[in-house]
Amino acid sequence: MVDIVGERVSTGDAIVDYEDKVFPDHQAEPGQKAFVFYHCVPFESSASLVNLLTATRILRKGFETHFVMFGPGSLAAAATRGYPKVGDEGFPGNLNYNNLLQRFMDEGGHAYACRFSAAALYGMREIDMMEGVKPINPKDILDAAITAWKEKALVLNTWTM
């Protein structure tokens, strides 16, 4: 049998070096933009939460940040989430997507959701999207990517299936 040597950790103990940072803390230069393209299924992986947290962090670094939801990602913009009633947190974290997306927009981020994926795939109407999320044509997804390329923007793409 393996003998584990050492003391048990306690709440509040650090188990890795949180102070060591390798890369510089870059900040945006005036006029720089970022686009986060998000094609993930909310609640299916940590990728969805990480994308929203990363988009907010990019925004706080001074980039004009655009969060583009398409495919299953458009579900993150649902204003109808909750149980037993809209806005009720049916379980801890039930409203994480709404809360993080709202904070992103409150801090000046731009959010877009594809009309096609919302309506054709999930039956979500534009009125069912969170206030502040701009519904866009499915052809806008490619044109947003081309806009990012032409403007030399920082681009992150995340896809889950």
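Residues numbered from 1 in each chain as written. Predicted model: local features only at pLDDT ≥ 70, side-chain atom pairs only at ≥ 80, totals over all residues. Heavy atoms only, no water.

*Asks:* Which residues make up the overall build of the chain, and what values do they have?
*Replies:* Secondary structure assignment for the chain yields four helices and five strands. Reading the chain from its N terminus to its C terminus gives the helix and strand order β-α-β-α-β-α-β-α-β. Once the C-alpha set of the chain is aligned to its principal axes, its extents read approximately 60 × 45 × 30 Å. For the chain, the proportion of its 161 residues judged to be buried stands at 37%. Taking all contacts inside the chain whose residues are at least 6 apart in sequence as the whole, residues at least 24 apart take part in 72%. As presented, the chain carries roughly 10600 Å² of accessible surface, and 56% of it is formed by carbon and sulfur atoms. In the chain, which carries 15 positive and 20 negative side-chain charges, the distance between the mean positions of the two groups comes to 9 Å. (Helix = DSSP H or I, 4+ residues; strand = E, 2+ residues; numbered from the N terminus. Buried < 20%, exposed > 50% of the residue type's maximum accessible area, 1.4 Å probe, protein only. Contact = heavy atoms within 4.5 Å. Areas by Shrake-Rupley, 256 points an atom, 1.4 Å probe, with all protein chains shown as cover. Lys, Arg positive; Asp, Glu negative; His and termini not counted. Charge placed at Lys NZ, Arg CZ, Asp CG, Glu CD.)

*Asks:* Describe the pattern of salt bridges, and please don't skip the residues or the numbers.
*Replies:* Enumeration over the complete set of coordinates arrives at six salt bridges. For K61, the salt bridge goes to D25, with nearest N and O atoms at 2.4 Å. A residue pair is termed long-range when its members are at least 10 positions apart, and K61 in the loop between α1 (46-60) and β2 (64-69) and D25 in the segment before β1 (33-39) qualify at 36 residues. Looking at K61, the relative accessible area reads 16%, which means it is buried. The network of salt bridges with common partners includes K33, E64 and E151. (Salt bridge = Lys/Arg side-chain N within 4 Å of Asp/Glu carboxyl O.)

*Asks:* Tell me about helix α4 (residues 139-150), and please be specific about residues and values.
*Replies:* In a regular helix each residue adds 1.5 Å, so 12 residues correspond to 16 Å; α4 covers 17 Å between its end C-alpha atoms and thus fits that length. Of the positions making up α4, those classed as buried are I141, A144 and A148. Seen end-on, α4 carries its buried residues on one side only, within an arc spanning 60 degrees. For α4, exposure combined with an orientation more than 90 degrees from the buried face picks out K139, L142, W149 and K150. The inward-facing, buried residues of α4 contact β1, β2, β3 (110-114), β4 (133-136) and β5 (154-159). Of the residues one or two after α4, K152 is the one with positive phi, at around 55 degrees. (Expected span 1.5 Å × (residues − 1). Arc of directions from axis to C-beta.)

*Asks:* I'd like a rundown of the sheet that holds β4, residues and numbers included.
*Replies:* Strand order in the open sheet formed by five strands is β4-β3-β2-β1-β5, and the pairing between neighbours is parallel. Each end of this open sheet is capped by a strand with a single partner; those strands are β4 and β5. Taking each pair of neighbouring strands and ignoring which way they run, the sheet shows an average axis angle of 20 degrees. Alignment of β1 against β5, held across six bridges, turns out to be parallel. Bridging across to β5, A34 finds its partner in L154. Its contacts with the sheet place helix α3 (residues 115-122) against β3 and β4, and it is angled at close to 40 degrees to β3. (Pairing = 2+ DSSP bridges. Axes fitted to C-alpha atoms, helices over the stretch in contact; angles between N-to-C directions.)

*Asks:* Break down the pairing of β3 for me, with residues and values.
*Replies:* Across four bridges, β2 lies against β3 in parallel orientation. Note on β3: the bridge partner recorded for F67 is A111. Where the polypeptide runs from β2 across helix α2 (residues 96-106) and back to β3, its parallel neighbour, the crossover connection is right-handed. Note that β3 and β4 share four bridges and pair parallel. Across the sheet, Y112 pairs through a bridge with K134, a residue of β4. Crossover handedness for the path β3 to α3 to β4: right-handed. (Right-handed = clockwise from strand over helix to strand, strands pointing away.)

*Asks:* Please provide a residue-by-residue account of the pairing of β2, values included.
*Replies:* In terms of burial, β2 is largely enclosed, as five of its six residues are buried. Sheet analysis places β1 next to β2, joined by six bridges and oriented parallel. Its bridge partner being in β2, V36 is matched across the sheet by F67. Since β1 and β2 lie parallel, the crossover through α1 that links them has a hand, and here it is right-handed.

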